[in-house]
Amino acid sequence: METAKSPAGFTLVELLVVIVLVAVMAHFAMPSLTKVIDNSYRSTAASDMISLINIARNTAVMERSTVTVCPLDETKSCSHNWSARPITVFRDPEADRVLQKDSDVIRTLNTQEKGKWKANTSSRPYFRFFATGIANYAIGNMTWCPNDNDTSNAIHIIINMGG
């Protein structure tokens with residue numbers, strides 16, 4: 001006599017219970033996942049900008065030259081628009097805030113799509129480092145805000161004379 005085999009697979013009720021459990025867990029996990037992603041954008045923006053500033057200062061000291069950090073406009077002059085243009089670090093031997101030769105570019109940072117930078121450099125649209133590494137009169141601060149303007153995810157970088 002043969003024994004009856006139980007059917008393989010899941011019942012519709014079992015499948016629906018699993019789907020409901022996955023949906024409930026996803027509902028609770030989603031806000032924390034969004035927060036992790038937002039923090040990642042913020043951390044990336046901060047570390048990219050700090051690296052850019054450090055490269056500018058180190059290059060000024062190592063090459064004993066003037067180095068400027070700013071977004072460049074169409075005429076290759078420093079612009080006040082920090083949020084819509086790539087931020088460029090370049091050798092500025094004339095200290096005129098104009099990129100004379102493309103070979104003077106040290107590094108360029110494309111701004112993120114997820115946020116925008118605003119620089120407060122008094123009336124100057126740039127930061128400048130001299131051969132001593134000092135950012136004499138071009139000091140100030142920079143703020144990165146996410147596109148949703150959630151200030152809890154904003155960051156603030158202060159650039160003083162010593163860096």
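In what follows, the accompanying structure is described. Residue numbers run consecutively from 1 along every chain, following the written order of its sequence. In keeping with the model being predicted, local features are shown solely for residues with a pLDDT of at least 70 and side-chain atom pairs are shown and tallied solely at 80 or more, while totals for entire chains, interfaces and linings include all residues. Excluding hydrogens and water, the side-chain figures rest on all heavy atoms present in the structure.

## Overview of the pairing of strand β7 (residues 155-159)
Between buried and exposed lies partly exposed: a residue is buried under 20% and exposed over 50% of the maximum accessible area for its type, with that area taken using a 1.4 Å probe on protein chains only. Helix and strand definitions follow DSSP, with helices as H or I runs of at least four residues and strands as E runs of at least two, each counted in order from the N terminus. Residues of β7 alternate between two faces, with Ile155, Ile157 and Ile159 buried on one and His156 and Ile158 left unburied on the opposite face. Criterion used throughout: strands pair if DSSP finds at least two bridges between them. With five bridges joining them, strand β6 (residues 140-146) and β7 adopt antiparallel strand pairing. Residue pairing across strands places Met142 opposite Ile157, the latter belonging to β7.

## Considering unusual backbone geometry
At Lys76, a residue that is not glycine, the phi angle is positive and equals roughly 65°. By secondary structure assignment, the location of Lys76 is in the loop between β1 (67-71) and β2 (87-91). We note that Asn149 has phi near 60°; this positive angle belongs to a residue other than glycine. Looking at where Asn149 falls in the secondary structure, it is placed in the loop between β6 and β7.

## A look at the sheet that holds β7
On the basis of which strands lie adjacent, the open sheet formed by three strands has the order β4-β6-β7 and antiparallel pairing. Edge positions in the open sheet fall to β4 (115-120) and β7, since each of these has one partner strand only. Within this sheet the neighbouring strands show an average axis-to-axis angle of 15°, counted without direction. Here helix α1 (residues 12-63) sits on the sheet in contact with β4, β6 and β7, set at roughly 10° to β7. In this analysis, axes come from line fits to C-alpha atoms, helices being fitted only over the stretch in contact, and the angle between any two N-to-C directions falls in the range 0 to 180 degrees. In what follows, residue pairs with any heavy atoms lying within 4.5 Å of each other are defined as contacts.

## Concerning the packing of aromatic side chains
Two rings from Phe, Tyr or Trp (for Trp, the six-membered ring) form a pair when their centres are within 6.5 Å of each other. A pair whose planes differ by under 30 degrees is stacked, one over 60 is edge-to-face, and the rest are tilted. Per the counting criterion, the structure on display carries one aromatic pair. Ring geometry for Trp82 against Phe127: centres 5.8 Å apart, planes inclined by 70°, an arrangement best described as edge-to-face. One end of the pair, Trp82, is in the loop between β1 and β2; the other, Phe127, is in strand β5 (residues 127-129), with 45 residues separating them in the sequence. Residue Trp82 is classed as buried on the basis of its relative accessible area of 2%. For Phe127, a relative accessible area of 1% translates into the label buried.

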